[in-house]
2 protein chains.
Amino acid sequence: MFDYQVDPQKIEKESFRQIRLLTDLGDLSPAQQQVVMRIVHSVGIPEVASEVRFSEDACNSGMKALAAGKPILCDVEMVKQGITKRMIELPPLCFLNDPVVARLAKQHAETRSMAALELWREHLSESVVVIGNAPTALFRLLEMIAQGADKPALIIGMPVGFVGAAESKQALWDVHRQLGVECITLLGRQGGSAVSAASCNALLRCNHGEWY
Amino acid sequence: MFDYQVDPQKIEKESFRQIRLLTDLGDLSPAQQQVVMRIVHSVGIPEVASEVRFSEDACNSGMKALAAGKPILCDVEMVKQGITKRMIELPPLCFLNDPVVARLAKQHAETRSMAALELWREHLSESVVVIGNAPTALFRLLEMIAQGADKPALIIGMPVGFVGAAESKQALWDVHRQLGVECITLLGRQGGSAVSAASCNALLRCNHGEWY
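Here is what the cut-offs are and how they apply
Residues numbered from 1 in each chain as written. Chains lettered and ligands numbered in written order. Predicted model: local features only at pLDDT ≥ 70, side-chain atom pairs only at ≥ 80, totals over all residues. Heavy atoms only, no water. Buried < 20%, exposed > 50% of the residue type's maximum accessible area, 1.4 Å probe, protein only. Pairing = 2+ DSSP bridges. Helix = DSSP H or I, 4+ residues; strand = E, 2+ residues; numbered from the N terminus. Axes fitted to C-alpha atoms, helices over the stretch in contact; angles between N-to-C directions. Contact = heavy atoms within 4.5 Å. Buried area = accessible area lost by both parts, 1.4 Å probe. Salt bridge = Lys/Arg side-chain N within 4 Å of Asp/Glu carboxyl O. UniProt positions renumbered as here; feature names shortened; annotations may be inferred. Arc of directions from axis to C-beta. Polar contact = N/O pair within 3.5 Å; in protein donor to acceptor, adjacent residues only side chain to side chain. 1 Å grid on protein atoms, 1.4 Å probe; cavity = no way out; pocket = protein on both sides within 12 Å on 5 of 7 lines; lining within 4 Å. Points joined across faces, edges and corners; volume = space filled by probe spheres on them. Nonpolar A, V, L, I, M, F, W, Y, C, P; charged D, E, K, R; others polar. pLDDT = per-residue confidence, 0-100. Right-handed = clockwise from strand over helix to strand, strands pointing away. Disulfide = S-S within 2.5 Å.

Some details on unusual backbone geometry
Step number 1: We note that A:E126 has phi near 65 degrees; this positive angle belongs to a residue other than glycine.
Step number 2: Take A:E126: its relative accessible area is 40%, and that puts it in the partly exposed class.

What to know about the sheet that holds strand β5 (residues 183–186) of chain A
Residue and element names in this part refer to chain A.
Step number 1: The strand order β1-β5-β4-β3-β2 describes an open sheet built from five strands, whose pairing is mixed. The strands lining the two open edges of the sheet, one partner per strand, are β1 (52–54) and β2 (72–74). Within this sheet the neighbouring strands show an average axis-to-axis angle of 10 degrees, counted without direction.
Step number 2: In terms of strand pairing, strand β4 (residues 154–157) meets β5 through three bridges, oriented parallel. Along β5, the bridge assignment pairs I155 with C183.
Step number 3: The strands that helix α10 (residues 193–207) touches are β2, β3 (128–131), β4 and β5; relative to β3, the one it contacts most, it runs at about 150 degrees.

Thoughts on the interface of chain A and chain B
Step number 1: On the chain B side, the residues contacting the 45 residues of chain A number 45 residues.
Step number 2: Both faces considered, chain A and chain B share a buried interface measuring about 3700 Å² in area, 74% of it formed by carbon and sulfur atoms.
Step number 3: When the buried surface of chain A facing chain B is broken down by residue, A:Y4, A:M78 and A:F162 rank first, second and third, together holding 20% of it.
Step number 4: If you look at where chain A meets chain B, you find zero salt bridges.

Describing the UniProt feature "domain: Cobalamin biosynthesis precorrin-8X methylmutase CobH/CbiC" (unreviewed entry) in chain A
Step number 1: Feature annotation in UniProt assigns "domain: Cobalamin biosynthesis precorrin-8X methylmutase CobH/CbiC" (unreviewed entry) to the following positions: residues 10–205 of chain A.
Step number 2: The span residues 10–205 of chain A carries 52% helix and 9% strand; its end-to-end C-alpha distance comes to 18 Å.

Some thoughts on helix α5 (residues 99–108) of chain A
Residues and elements named next belong to chain A.
Step number 1: Residues V101, L104 and A105 constitute the buried set of α5. Looking down the long axis of α5, one finds its buried residues gathered within 100 degrees of arc, a one-sided arrangement. Facing away from the buried side of α5 by more than 90 degrees, the exposed set consists of P99, R103, K106 and Q107.
Step number 2: Looking at the packing, one finds that the buried side of α5 touches α6 (112–115) and α7 (117–120).
Step number 3: Capping the start of α5 is the job of one residue whose side-chain oxygen sits 2.9 Å from the backbone nitrogen of V100: D98.
Step number 4: Just past α5, the residue A109 takes up positive phi, approximately 50 degrees.

Some points on empty space enclosed by the protein
Step number 1: Following the criterion strictly, the structure yields one cavity of 30 Å³ or more and no others.
Step number 2: Taken as a whole, the largest cavity spans an internal volume of roughly 200 Å³.
Step number 3: Contributing to the lining of the largest cavity are 20 residues, with A:S42, A:V43, A:G191, B:V43 and B:G191 lying nearest its centre.
Step number 4: Among the elements of the structure, α2 (30–43) and α10 of chain A together with α2 (30–43) and α10 (193–207) of chain B are those that each provide at least two residues to the lining of the largest cavity.
Step number 5: Its residues placed into classes, the lining of the largest cavity shows 10 nonpolar, 10 polar and no charged.

Some thoughts on the confidence of the model for chain A
Step number 1: When pLDDT is averaged across chain A, the result is 97; 100% of the residues are at 70 or more.
Step number 2: ipTM for the predicted complex: 0.96, alongside a pTM of 0.97.

Let's talk about the pairing of β5(A)
Residue and element names in this part refer to chain A.
Step number 1: Residues C183 and T185 line one face of β5 and the alternating positions I184 and L186 line the opposite face, and both faces are buried.
Step number 2: Sheet topology note: the β1/β5 ladder contains three bridges and is antiparallel. Directly across from R53, in β5, lies its bridge partner T185.
Step number 3: Remark: the β4/helix α9 (residues 165–179)/β5 crossover connection has right-handed handedness.

Brief notes about the state of the cysteines
Step number 1: The full count for this structure, using the stated rule, is zero disulfides over all chains.
Step number 2: This cysteine, A:C94, is not joined by any disulfide, and A:C74 carries the nearest cysteine sulfur, 6.4 Å off.
Step number 3: There is no disulfide at B:C183, and the cysteine sulfur nearest it, in B:C59, is 11 Å away.
Step number 4: Using a relative accessible area of 0% as the deciding quantity, one classes B:C183 as buried.

Structural data, given as structure tokens:
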């Protein structure tokens, strides 16, 4: 009835062939290229490439932390679900649905996403943070680090939306050097669970020798 | 350090105020407007509105099935994770990681996503299908229905990507009337777990009287 490719390896290979063809990868490093291509793959829009930003040592720092099995901290369950299971030993952490978080959020009249950061505190050191949804989580993380909290090895900060998303990512990009943290971000309103998880997955794949 | 909105109700209200302002909702019905606004909310791009397509009775048929607690069938775990838990009684179904599916996929040299459809068969009647990832799952579903499988009440078909995604959604749109199925789709390469889950969530919210 329809003529379509059913072989998963062929689909993946052809996808990344097209993505490489359609995407301006400029003078990105090999690891940065993998991240950008996975981001494009997850949203279907080659043009997003121009909005991706990497701090100087972001990929290297993230890959080292992932290789060492450091915690992966996710703002929402969809991000956690999006991290490629076969490439990690311990499940990523997400505290959004912890009853403590609901109580804290209510108490402070703030989002659960930012209240959850209190439970991140003891896991932050050398972690890989993946924020795909909540601007408030990203803002709060930056505040915590500025106030002396342990530093993640990498912040993948890609909340999506209309209120605070673009602003939180611009803030991350503006202050990362001053705070001494590595980051990957996607400026503007676009972002989400899929792009942020895809960025982390790209680094995991680099560690596993799977390059496209 | 930063000035940002932390009240979740205010964030949501302001988000949808901006989305309504920025999005061309044309002559969409109230329920269709909710779906389009949730799609825009999930990707951060008002312009996607022009690529959303609804079959004639799509929203009504989907809302009725959801209100009756019919199965929600998801192609991947991220879609399942994205369905708003507080609005459903039974968890959505996703068979992608079932060992039977891995075996079937290997045997037929096809994607696990399409092999999983064999396990959907007994749940299809009056279900709400939410496909956010795999073009092969959408193609296979259309083939199964053409061959006489039970019909879902609604197909939300929004796979993302470069190989087969746009084609599978165009196929859904082209044959839905002939097959006698209701559908919501997002033409072109864009799509994903978030937009497809958001579309289903919009209908759940309509049923719960939460209109933006």
